[in-house]
Amino acid sequence: MPTSATRDTSLKPVQRVPMNDLKRSVAELKGLDEAIVGVLKSGWWLQGPETKSWEQALAAYVDAKHVVAVASGTDALALALRALSGPSGTVLTAANCGGYTTTAARQAGLAVRYCDVDEATHLMTAETVAAALTPDVTVVVVTHLYGRAAEIDEIFALCSARGIMVVEDCAQAIGARTTHGRSVGSVGHMGAFSFYPTKNLGAIGDAGAIVTASDDLASAVRRLAQYGWSSKYEIATVGGQNSRTDEVQAAVLRRKLPHLDSANERRRAIVARYVAAASPRISVLPAEGQGHVAHLAVAVADDRNAFTEHAQALGIDTGVHYPIPDHQQAAFRDQNADVRLPVTEALASSIVSLPLFPELTEDEIRRVERALSSF
Ligand SMILES: *Cc1c(COP(=O)(O)O)cnc(C)c1O
C-alpha cells in the first residue's frame, strides 16, 4: 500500500456511486443562501410570507384549489385521513410503499387493510383495489409509487360509486400526470406530498403538503394542523396537532420548484439508459413520459443478493424500496396474520434500487450501466 504521501493521485481509489448526494442538489442553485438569510433576518419564521407564497406556487403547479403546507409527508397523510374519516374507519392501501400510510392511519386511529399490486408496475390498480374492498373500508390511499402515476381516475370512479373517499400519496410523484393529463394529487379528495430531502422536490429538512379542491376539507386540515383551533386559543376540533412548514423550508422549496420539471426529465433519461443496459438477469422498470417522474430506479433481479454484491464490488451503492411489506412489519403483523399478498411478497425479495438523482455524472451513469450489463 503506498502511503498517502507517495500515492499517485491519478491512482486514487475510485469514488463510489452513491444512491444520492444532496450537496449536489443545491450546489448550482442561485439565490438560495440569500433566501435563507432573508428569512433569518426577517424574524418571521413560521406562517409568514414565504409559506403563503409557497402554498400559492404549489397550488398552481399541481392544479389544486387549496394547499396546506405541513411538517412532513406522514403528517400530510395523517391529517388528510383524520379530516376525511373522523375518529373511526378503515383505510385500504398497498403494502409495498414503505409503511408511511399505515403509520399515518394508525396515528389517526384508523384500521388498515391491504390490496395486492400489479406485477409489471408494482402499483395498486382498480382491479387489485376492487378485489380487496370490504364494506368497512372508508378511505383508499393510492400511492403513486416510484414516481409513476397510478390508475387514479379508474380507482376514483370505483370508490366514488361506493361512497369511499380517496387520498393520493404523491410523495414520490410530484409532477407526474395521469393518463387523462391531470396532475397527481388533483384527482382524489385529497393529495399528500412530502418534501423530504431525497424526494424529487426536496427541502433542506422536513416538509409536506396537503392539496384539495374542497373548501371544507382545506379548512378542516388547517384546523387540525393548528391544534384544532377555530381561531387563536379556541379549540373547536378534537384530534388537532401542530404541523407546519417553516419559513426556511418554504423559501427553499419555492426557489427549487421552477427547476423540478427539468430535473424530472433528467431522471427519466437516466432510467432509460439503465433499462437499455440491463442484462437478461435483471430488468429495470421503465420510467417514460409525463406519467412517470422517475423517483426511484427499481430493478427486479433473478438473484438480488448476487446483484447487490456484484454492484458493491464495482463501487455502486444500491438500496431496497422496500424490503418488508407493511403486513409483515413487526409492529403491524399481529393484526395481519391472515393477510396474503402474493405479488407484493414476491417482489419484496427481488427488487433492488439503483443510484438515481439528477446530478449523477456521465461517468457515474456509465458505471451503473456496466454493472447492469455485466451481471
Ligand atoms: C417519503 C414518503 C412518505 C413520507 O414522507 P415524510 O415527509 O418522510 O414523512 C410517504 N409516502 C411515501 C410513498 C414516501 O415515499
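Here is what the cut-offs are and how they apply
- Residues numbered from 1 in each chain as written.
- Predicted model: local features only at pLDDT ≥ 70, side-chain atom pairs only at ≥ 80, totals over all residues.
- Heavy atoms only, no water.
- Patch = residues over 30% accessible without salt bridge, like charges linked within 9 Å, V, L, I, M, F, W, Y side chains within 5 Å.
- Areas by Shrake-Rupley, 256 points an atom, 1.4 Å probe, with all protein chains shown as cover.
- Salt bridge = Lys/Arg side-chain N within 4 Å of Asp/Glu carboxyl O.
- Helix = DSSP H or I, 4+ residues; strand = E, 2+ residues; numbered from the N terminus.
- Buried < 20%, exposed > 50% of the residue type's maximum accessible area, 1.4 Å probe, protein only.
- 1 Å grid on protein atoms, 1.4 Å probe; cavity = no way out; pocket = protein on both sides within 12 Å on 5 of 7 lines; lining within 4 Å.
- Points joined across faces, edges and corners; volume = space filled by probe spheres on them.
- Nonpolar A, V, L, I, M, F, W, Y, C, P; charged D, E, K, R; others polar.
- Phe/Tyr/Trp six-rings, centres within 6.5 Å; stacked < 30°, edge-to-face > 60°.
- Lys NZ or Arg CZ within 6 Å of the ring centre and 35° of its normal.
- Pairing = 2+ DSSP bridges.
- Axes fitted to C-alpha atoms, helices over the stretch in contact; angles between N-to-C directions.
- Near = heavy atom within 4 Å.
- Polar contact = N/O pair within 3.5 Å; in protein donor to acceptor, adjacent residues only side chain to side chain.
- Parallel < 35°, antiparallel > 145°, perpendicular 65-115°, else oblique.
- Left-handed = near helix turned anticlockwise from the far one by under 90°.
- Contact = heavy atoms within 4.5 Å.

Draft legend 1. A look at a nonpolar patch on the surface. Together, Leu 40, Trp 45 and Leu 46 make up an exposed nonpolar region whose accessible area comes to about 330 Å². Mapped onto the elements of the fold, Leu 40 is located in helix H2 (residues 32-42). Its relative accessible area of 56% is what places Leu 40 among the exposed residues.

Draft legend 2. Spatial organisation of empty space enclosed by the protein. A complete count under the given rule lists two cavities of 30 Å³ or more for this structure. Taken as a whole, the largest cavity encloses approximately 50 Å³ of empty space. Contributing to the lining of the largest cavity are Asn 96, Tyr 146, His 321, Tyr 322, Pro 325, Thr 344, Leu 347, Ala 348 and Ile 351. Here the lining of the largest cavity is built from residues that sort into six nonpolar, three polar and no charged. Around the second largest cavity, the lining residues are Tyr 146, Val 271, Leu 285, Ala 287, His 292, Leu 296, Ala 297 and Val 298. Residues that form the lining of the second largest cavity fall into these classes: seven nonpolar, one polar and no charged.

Draft legend 3. Broad picture of the packing of aromatic side chains. Tallied over the entire structure, the rule returns six aromatic pairs. With 5.2 Å between their ring centres and 80° between their planes, Trp 229 and Tyr 233 make a pair best called edge-to-face. Here Trp 229 falls in the buried class, since its relative accessible area comes to 17%. Among the aromatic residues, those joined into a cluster by ring pairs are Trp 54, Phe 193 and Phe 195. Stacked on the ring of Tyr 100, the Lys or Arg Lys 199 has its end atom at 5.6 Å from the ring centre.

Draft legend 4. Region of the structure containing the sheet that holds strand E12 (residues 351-354). The strand order E10-E11-E12 describes an open sheet built from three strands, whose pairing is antiparallel. For this open sheet the edge positions go to strand E10 (282-284) and E12, each flanked by a neighbour on one side alone. Here the strands of the sheet are splayed against their neighbours by 30° on average, with no regard to which way each runs. Examined bridge by bridge, strand E11 (residues 297-301) and E12 share four bridges and lie antiparallel to one another. Bridge pairing links Ala 297 to Leu 354 in E12.

Draft legend 5. Geometry of the site of the ligand. Around the ligand, a shell composed of Ser 72, Gly 73, Thr 74, Tyr 100, Thr 143, Asp 169, Ala 171, Gln 172, Ser 194, Lys 199 and Tyr 322 is seen. Gln 172 is positioned such that a nitrogen or oxygen atom in its side chain is 2.8 Å from an oxygen atom of the ligand. The separation between an oxygen atom of the ligand and a polar side-chain atom of Ser 194 is 2.7 Å. Its free accessible area being 380 Å², the ligand has 93% of it covered by the protein chains. Here the shell around the ligand is built from residues that sort into three nonpolar, six polar and two charged.

Draft legend 6. Inspection of the side chain of Asp 21 at higher detail. By secondary structure assignment, the location of Asp 21 is in the segment before helix H1 (22-27). Judged by relative accessible area, Asp 21 falls into the buried class, the value being 17%. Polar contacts involving the side chain of Asp 21 include one to the side chain of Arg 24, which spans 2.8 Å.

Draft legend 7. Structural context of the packing of H2 against helix H9 (residues 247-256). Relative orientation of the contacting elements H2 and H9 amounts to 155°, with a least axis distance of 9 Å. In terms of axis orientation, H2 runs roughly antiparallel to H9. H9 is crossed by H2, and the crossing has right-handed handedness. Contacts between H2 and H9 involve Leu 32, Ala 35, Ile 36 and Val 39 on the former and, on the latter, Glu 247, Val 248, Ala 251, Val 252 and Arg 255. Residues belonging to the contact of H2 with H9 are distributed by class as follows: seven nonpolar, no polar and two charged.

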